[in-house]
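Understanding the architecture of this molecule
Single-letter residue listing:
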Amino acid sequence: MSTAAAAHDDHHHHAPTGLKRWLFSTNHKDIGTLYLWFSFIMFLVGGLLAMVIRTELLEPGMQFVDPEFFNQMTTVHGLAMVFGAVMPGFVGFANWMIPLMIGAPDMALPRMNNWSFWILPFAFLILLSSVFMSAFGAGHPSAPNFGWTFYAPLSTEYGPASTDLFILSVHMMGISSIMGAINVIVTVFNLRAPGMTLMKMPLFVWTWLITAFLLIAVMPVLAGAVTMMLTDRHFGTSFFSAAGGGDPVLFQHVFWFFGHPEVYIMILPAFGIVSSIIPTFARKQLFGYASMVYATASIALLSFVVWAHHMFTVGMPLAGTLFFMYMTMLISVPTGVKVFNWVATMWRGSMTFELPMKWAIAFVILFTCGGLSGLMLAITPVDFQYHDTYFVVAHFHYVLVTGAVFSMFAAAYYWLPKWSGVMPNKLLGELHFWSSLLSVNLLFFPMHFVGLAGMPRRYADYALQFADYNFWISIGGFWFGLSQLFFLAVCLLCAMKKGEKAAARPWDGAEGLEWEVPSPAPFHTFETPPVVK
Amino acid sequence: MQSTLFHRAAVGLISLMISGWTVASDWTERSDHNLRPGVTAVSQEVYDLHTTILWIVTIIGLLVFGLILISMIRHRRSRHPNPATFHENVFLEVLWTVIPFVILIAMAVPATRVLIELDDSSDAELTVKVTGHRWKWEYEYLTYADDNNIGVSFMSNIATPPEQINNPVLAGGLFPYGTAQDAVGNEFPEKGANYNLEVDSPLVLPSGQKVRFLITSADVIHSFWVPDFGGKKDAIPGFVNETWAKVPEGKEGTYYGQCAELCGKNHAFMPIEAKVVSQAEFADWLAQKKEEAAAAPDLTPFADLDEAMELGQQTYAGNCAVCHGNNGEGGVGLPFAGSDFATKKEHLEEHIHVLVEGRGAMPAFAAQLSPRQIASVITYERNAWGNETGDLIQPEDVYEQE
């Protein structure tokens, strides 16, 4: 505390309070907190939409919503989770932790940092307003209803009026992401403490640096896709319209050229988080640091040459199909290296299983499940059967929920003591973990079965042989959704500083600069750069 | 009586506890938790490939998870207080890069072989053009043996009655429920065994002959998928995709499929039903279809408004209600009840024209409905729901526009 007070006096910094503190913030910690709360709120909003989906799918027949509204729910659920929960969540962790990990006083471009956050709530207000209008407005105008992948021509010639709100909103999210990524790159390249060479950086910083390059490479592609949609819809172009000489498959190529690197944007920072947590609680240095860095870079590079595995059924030439099948299979090599490295880090360590470690181990196992089903999906002739079924839904929820989201829970429990100065409530944390772990598997594992048995995804209603599994999947969904209220309670308690006081280094095996500053981390840190030996 | 939620919960729990996965059905050799081996040689190969890969990933998974479990038990602090210090091992790192690579090659070889086989749709005896529409399939028989001028095509609509599908339990405005609101609280009929899979006019195919499907779409992207034939292929406007199936003799029967690419509101309600029959039976069926197609359209005028309204009501329910609402209140499509379009005389010509030719998202119906049906449905739209224009449109009026 005294350090914080001293910092203020020495530098005549005015610590802002109230609304102004958050609206005008240029402080990486406050902006990080904003990002994290925003992400968690969007996680709950996206979750509520998923509850509508699972309620309708509880039993065969249309009981609660119209199929049209159902499609809006699947669409906005996907968009809210991908662009609202997972991406801003990781940006929040980056904001809080990258300066602390590399010994920088703040992010390199603090005002841009403020702007890249404050765009987001407005982007989502625009998107979600269409859902409110659809649910409560006169005549129930449709919200975006074409799936989060918004394939043309369903989203162009056949899109509802709210598609334009969606386009504007995606543009804003893209601007926010690109600015966030630029900030990370500039910070990492310019503000490292003396002695912090690139190959000494914590893996979280490395994975985020690579993620930032991916973001800069592909967000403009997404912007291009939605701009072409906009001109197709309103200005007479025919990029994606066969009737005007355009090509609906071109849309999918452009979208997935963004979409596949996007998948890694959502998982590389998770790799970094887990690579920080496992060594701490195994009390043993990370196995194969250099190979982790190279594996991350290889995954990032390969992510640019596998996009068409999302569209094996569009009727590509045989040679193209084979190329994308082989490249996709190849990705499992560097991903496997990572998993083996984590196991080798645990091997002959001295492990304890505090909450962050529980989530991290659950991540390694369940993410690997998602990776293995991903390998199955790469095998093109079999993918012709799997494609667009619940098997795919199971696969990407294993990598995104038990992968990306679990890593964020691990990270939150790991760094909450540093952020708030109090330890997260153990009982609530344990309840959150066990309740989530059981329910998430009841929710997503049977999706493999129902998908293999032939249930297509994005179905508002289904044939009778899928009924039993869907019932249990829905129960798992409600249970998993409710489990997150434990986490809300944990976060609120920490925010109110209720709980056991946290030491500067609350985890005895933890290493890194972030543990050198007091808990809670003072408003300004590392104004004089530390020296890394 | 519709099974209640609790009923379903109980049935689900009991069936999971006692006998694994049991749901009565007549989808041939139905598998409820694994991929279907299917009926064609290729679908069997795909299934075998799936089984092999599933075993490989299961073994890899169990090895990795086993190591994690052993480590969690043996290397926890209470049993192993002093951690080792190793953090590199070049031999191990090379090993676990090379071994997965070798496994991948072993997987890629059979995958490539099956893929090449799937890709070869040459030398087919029957060619059927499959066109996806929102939300029905159209089958056009192009060539069979030496016959290049079959001229048989028809639409295939879902046959599950709407009252089995629409079982609303909530009245009121929280969720837009459109057309089904008036059914809130009704008792609903039991769902049939082939709920959401059955159609009015199935795709009929001969056994023992190679069938080539040319797949395209009239509006948005759909995907033609009969799992028992071994895979799916997208139906894309402006593209013609190819795939094929050869159902061996002795495997005659009905095979079901579903649309597998999100195509809008009724994506879940455009099933595929393929009826595979012997070659002799197929030849008879095709001959009969050709005869029907060759006959001149029925242009018998309607005797009075009531006769037209009766046919119109049926036609409307089967083709129009999905977009324009059961009561003409609109939805994806424009409303009719009380609209200028359906009541003002000056729009009558346009009304007929739009039905015949289509406009924007509204499909053309000339190929799907007979002039008599189109005339009746226009009459219905202009006289139902209080429109009462008294307009009686005759088949001849429509036929002139076609």
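Residues numbered from 1 in each chain as written. Chains lettered and ligands numbered in written order. Predicted model: local features only at pLDDT ≥ 70, side-chain atom pairs only at ≥ 80, totals over all residues.

**Focus on the overall build of chain A**
Regarding its fold elements, chain A presents 16 helices and zero strands. Here the C-alpha radius of gyration of chain A, 23 Å, is about what a compact globule of 533 residues would show, namely 24 Å. Dimensions of chain A, computed from C-alpha atoms along their principal axes, come out at roughly 65 × 50 × 45 Å. In chain A, which comprises 533 residues, the share counted as buried stands at 65%. Taking the intrachain contacts of chain A between residues at least 6 apart in sequence as the baseline, contacts between residues at least 24 apart amount to 83%. (Helix = DSSP H or I, 4+ residues; strand = E, 2+ residues; numbered from the N terminus. Rg over C-alpha atoms; globule rule 2.2 N^0.38 Å. Buried ≥ 20, exposed ≤ 12 C-beta atoms within 10 Å, placed from the backbone. Contact = placed C-beta atoms within 7 Å.)

**Focus: the packing of helix H3 (residues 28-56) of chain A against helix H5 (residues 110-136) of chain A**
All names here are of chain A. Between H3 and H5, the least distance of the axes is 10 Å, while the angle of their chain directions is 20°. One element, H3, and the other, H5, form an angle in the roughly parallel class. H5 is crossed by H3, and the crossing has left-handed handedness. Along its contact with H3, which presents His28, Ile31, Leu34, Tyr35, Phe38 and Met42, the element H5 presents Asn113, Asn114, Phe117, Leu120, Pro121 and Phe124. Its residues assigned to classes, the contact of H3 with H5 shows nine nonpolar, three polar and no charged. (Axes fitted to C-alpha atoms, helices over the stretch in contact; angles between N-to-C directions. Parallel < 35°, antiparallel > 145°, perpendicular 65-115°, else oblique. Left-handed = near helix turned anticlockwise from the far one by under 90°. Nonpolar A, V, L, I, M, F, W, Y, C, P; charged D, E, K, R; others polar.)

**Some words on the nonpolar core**
Val86(A), Val205(A), Val274(A), Trp359(A), Ala360(A), Phe363(A) and Ala410(A) are the most contacted members of the largest nonpolar core, which totals 280 residues. Those residues in contact with Trp359(A) that lie beyond four places of it in its chain are Phe406(A), Phe409(A), Ala410(A), Tyr413(A) and Phe433(A). (Core = buried A, V, L, I, M, F, W, Y, C linked by C-beta atoms within 7 Å.)

**Observations concerning the packing of helix H9 (residues 268-282) of chain A against helix H12 (residues 355-378) of chain A**
All names here are of chain A. Where H9 meets H12, the axes come as close as 9 Å, and the angle between the chain directions of the two elements is 125°. The angle between the axes of H9 and H12 places the two elements in the oblique class. At the point where H9 passes H12, the crossing takes the left-handed sense. Facing Ala270, Val274, Ile277, Ile278 and Phe281 of H9, the residues of H12 in contact are Pro356, Met357, Ala360, Phe363 and Val364. Taken together, the residues of the contact of H9 with H12 sort by class into ten nonpolar, no polar and no charged.

**A word on the confidence of the model for chain B**
Residues and elements named next belong to chain B. Across chain B, pLDDT averages 85, with 89% of residues at or above 70. The low-confidence segment residues 15-29 (pLDDT under 50) makes 22 contacts with residues lying over four places distant or belonging to another chain. This complex was scored by the predictor with a pTM of 0.90 and an ipTM of 0.91. (pLDDT = per-residue confidence, 0-100.)

**Brief notes about unusual backbone geometry**
Backbone torsion omega between Ser519(A) and Pro520(A) reads -5°, so that peptide bond is classified as cis. Mapped onto the elements, Pro520(A) comes out in the segment after helix H16 (467-495). For the bond running from Arg134(B) to Trp135(B), omega is 0°, close enough to zero to count as cis. In this fold, Trp135(B) is placed in the loop between strand S1 (126-133) and strand S2 (136-144). Look at Lys497(A): it is not a glycine, yet its phi comes out positive at around 60°. In this structure Lys497(A) comes out as exposed when scored by C-beta crowding, with 11 C-beta atoms within 10 Å. Even without being a glycine, Phe526(A) presents a positive backbone phi close to 50°. Relative to the elements of secondary structure, Phe526(A) occurs in the segment after H16.

**Topic: the interface of chain B and chain A**
Across the boundary between the two partners, chain B contributes 98 residues, which contact 90 residues of chain A. When residues of the side of chain B that touches chain A are traced back to their parent elements, those giving at least two are helix H1 (5-18), helix H2 (41-74), helix H3 (90-119) and strand S7 (231-235) of chain B. Of the residues forming the side of chain B that touches chain A, the biggest block, 15 residues, is contributed by H3(B). Of the residues assigned to the side of chain B that touches chain A, the class counts are 56 nonpolar, 27 polar and 15 charged.

**Some thoughts on the sheet that holds strand S8 (residues 241-245) of chain B**
All names here are of chain B. Judged by pairing direction, the sheet is mixed, and its five strands sit side by side in the order S3-S2-S1-S5-S8 without closing on themselves. Sheet topology places strand S3 (152-156) and S8 at the edges, where each strand pairs with a single neighbour. Between one strand axis and the next, the sheet turns through 25° on average, direction left out of account. Sheet topology places strand S5 (residues 211-217) next to S8; five bridges connect them, and they run antiparallel. Bridging across to S8, Val211 finds its partner in Ala245. Each of S2 and S3 touches helix H5 (residues 279-294); the most contacted strand, S3, lies at about 95° to it. (Pairing = 2+ DSSP bridges.)

**Remarks on the sheet that holds S7(B)**
Residue and element names in this part refer to chain B. Pairing in this open sheet of five strands is mixed, and the strands run S4-S10-S9-S6-S7 from one edge to the other. The sheet terminates laterally at strand S4 (203-206) and S7, the two strands that pair on one side only. Across the sheet, the mean angle from the axis of one strand to that of its neighbour is 25°, orientation sign disregarded. The strands that H5 touches are S4 and strand S10 (272-277); relative to S4, the one it contacts most, it runs at about 135°.

**Some remarks on the domain arrangement of chain B**
How big an interface is tends to be stated in terms of accessible area lost as the parts join. Structurally, chain B comprises domain 1 (41-119), domain 2 (126-158 + 193-294) and domain 3 (305-401). Put simply, the middle of domain 1 of chain B and the middle of domain 3 of chain B, counted by C-alpha atoms, are 61 Å apart. (Domains from an automatic or database assignment.)

**Looking at the pairing of S2(B)**
All names here are of chain B. Strand direction decides the pairing type here: S1 and S2, joined by eight bridges, are antiparallel. Residue pairing for S2: Thr131 is matched across the bridge by Glu138. Between S1 and S2, which pair antiparallel in sequence order, lie two residues. Note: S2 against S3, five bridges, orientation antiparallel.

**A look at the environment of Asn266(B)**
One can find Asn266(B) in the loop between strand S9 (253-259) and S10. For the pair Asn266(B) and Cys323(B), spaced 57 residues apart in the sequence, the C-alpha separation amounts to 9.5 Å. The contact partners of Asn266(B), leaving out residues within four places of it in the chain, are Pro67(A), Trp135(B) and Val322(B).

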